[in-house]
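# Remarks on the overall topology
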Amino acid sequence: MSLSAVEKQIHSSVAALPSAALQTHILQQWERLVDAWNTSSLDVFSVLSGNESQLIKVLVGSDYVADVLCRYPQFLVELLEAGELSASISSDHYDRLLQAVLADIGDENVLNKTIRECRQKMMLRVIWRDLNRLAPLMETTRDLSRFADASVTHVMRWHSERLKPVWGEPHAKNPNGELVAQSMIVLGMGKLGADELNLSSDIDLIFVFPQSGWTQNGKREISNQEFFTKLGQKLIQSLDNQTADGFVFRVDMRLRPYGESGPLVMSFNAIEDYYQSQGREWERYAMIKARVMAGDQARGAELISLLKPFVYRKYIDFSVIEALRGLKEMINREVRRKGMEHNIKLGRGGIREIEFLVQNFQLIRGGREQAFRTQSLYAAMDALLATGL
């Protein structure tokens, strides 16, 4: 279809918008797209035909997507031709995609550019489907969480393979005295841990590894702790650094033991000792959401099992109420100080308060009620209803 035919549909959709100011803004955005697409070798207008009203909804809701469409018209063509704007994708879609596109990259700058472009294409798809009500909320948050999982997994793997020739591969002795290779495990916390990541979320991570030991077969020998610290730093830089192509995710490491003053990576023994001897009530609250989102799933499951007694007590734990009441009052004071009483996330009755209420029940009852031992806010709310609490 020609530009003129598509443009006619665009103007018809714009005319239905409720205000002159909004109509003017969207027509300006449309002119930006026309200018960008006319310089492209792709026939974007033919591919777009039939989706004009959806495009207008996206332009109304997201200036970010307008910028992506101007810069990367091929993303729109690829997504439309693959049917990925009109249909759901499998839960392993992004894992398979990043494994394929990063496999043959040999340069770190190319890696960082490629993963950022993949992120922008993913955001275009997710926002398009969300604003056009083509995806339920749980699908949107799942897709964002799965992209985060895949990004951490494959970027970590890429850097690990390039560190090993220099520093060797981490090893430790098993109970039989045999040397066994070690790998870093990443815990996703907060909304990421719950598979409920939203469009503006940071990703909260904790880095761990099974056993202390030393690297083998590299140019230099260093401790496992040193190797995984180098790996963690590289991973954060690739995801978090702001470049000309943007960033992948803002990475927040403050939920790890000792916070910003603590080591970037800890062994299983060290992290278990910390929570048993120094773990605070707010850390129990945070660990509810912990999920193994990258690395060895089997070894990660061992760690989660080790930490369960810290999070969920065998008895009905009413002692936690006073500690959590103090934490809640601290949050309230901060909200008042910042004048955010009516903020939809932090204010009274907002998202944070809903999460806080539900997680209170999880901490108090989770030791006896298996249904409360879930990262998902929605599953925990279902458990509250089912148990009459």
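Residues numbered from 1 in each chain as written. Predicted model: local features only at pLDDT ≥ 70, side-chain atom pairs only at ≥ 80, totals over all residues. Heavy atoms only, no water.

Another point: the overall build of the chain. Across its full length, the chain carries 17 helices and eight strands. For the C-alpha atoms alone, the extent of the chain along its principal axes is close to 70 × 60 × 40 Å. Per-residue burial for the chain yields a buried fraction of 47% across its 389 residues. Intrachain contacts of the chain at a sequence separation of at least 6 include 72% that bridge at least 24 residues. (Helix = DSSP H or I, 4+ residues; strand = E, 2+ residues; numbered from the N terminus. Buried < 20%, exposed > 50% of the residue type's maximum accessible area, 1.4 Å probe, protein only. Contact = heavy atoms within 4.5 Å.)

Despite not being glycine, arginine 133 has its phi angle at roughly 55°, a positive value. With respect to the helices, strands and loops of the structure, arginine 133 is situated in the loop between helix H8 (108–131) and helix H9 (137–167). Backbone geometry at asparagine 217 places phi at a positive 70°, although glycine is not the residue there. Looking at the secondary structure, you find asparagine 217 in the loop between strand S5 (214–216) and helix H11 (224–240). Taking the relative accessible area as the measure of exposure, asparagine 217 reaches 78% and is therefore exposed.

Moving on: the sheet that holds strand S1 (residues 169–173). Taken together, the three strands give an open sheet; going across it, the order is S2-S1-S5, and neighbouring strands pair in antiparallel fashion. For this open sheet the edge positions go to strand S2 (179–181) and S5, each flanked by a neighbour on one side alone. Taken over all neighbouring pairs, the strand axes of this sheet differ in orientation by 50° on average, direction set aside. Sheet topology note: the S1/S2 ladder contains three bridges and is antiparallel. Paired with alanine 172 across the bridge in S2 is valine 180. Sheet strands touched by H11: S1 and S5. Its angle to S1, the strand with the most contacts, is close to 145°. (Pairing = 2+ DSSP bridges. Axes fitted to C-alpha atoms, helices over the stretch in contact; angles between N-to-C directions.)

Glancing now at the nonpolar core. Taken as a class, soluble globular proteins show a tendency for nonpolar side chains to be buried jointly. Counting 76 residues, the largest nonpolar core has Trp30, Trp37, Leu55, Ile203 and Phe207 as the members making the most contacts within it. Among the elements that line this core, the one with the most residues is H9, at 10 residues. In contact with phenylalanine 207, not counting residues within four places along its chain, are Met184, Ile185, Val186, Gly232, Leu235, Ile236, Met253, Leu264, Val265 and Met266. Of all hydrophobic cores here, the second largest spans 28 residues; its members include Ile206, Ile288, Val292 and Leu307. (Core = buried A, V, L, I, M, F, W, Y, C linked by side-chain atoms within 4.5 Å.)

This part covers the packing of aromatic side chains. Per the counting criterion, the structure on display carries 12 aromatic pairs. Measuring from ring centre to ring centre gives 5.4 Å for tyrosine 94 and phenylalanine 147, while their planes differ by 90°; the resulting arrangement is edge-to-face. A residue pair is termed long-range when its members are at least 10 positions apart, and tyrosine 94 in helix H7 (residues 93–102) and phenylalanine 147 in helix H9 qualify at 53 residues. What links up through ring pairs into an aromatic cluster is the set Tyr258, Tyr274, Tyr275 and Phe310. One Lys or Arg, arginine 119, reaches over the ring of phenylalanine 247 and ends 4.8 Å from the middle of that ring. (Phe/Tyr/Trp six-rings, centres within 6.5 Å; stacked < 30°, edge-to-face > 60°. Lys NZ or Arg CZ within 6 Å of the ring centre and 35° of its normal.)

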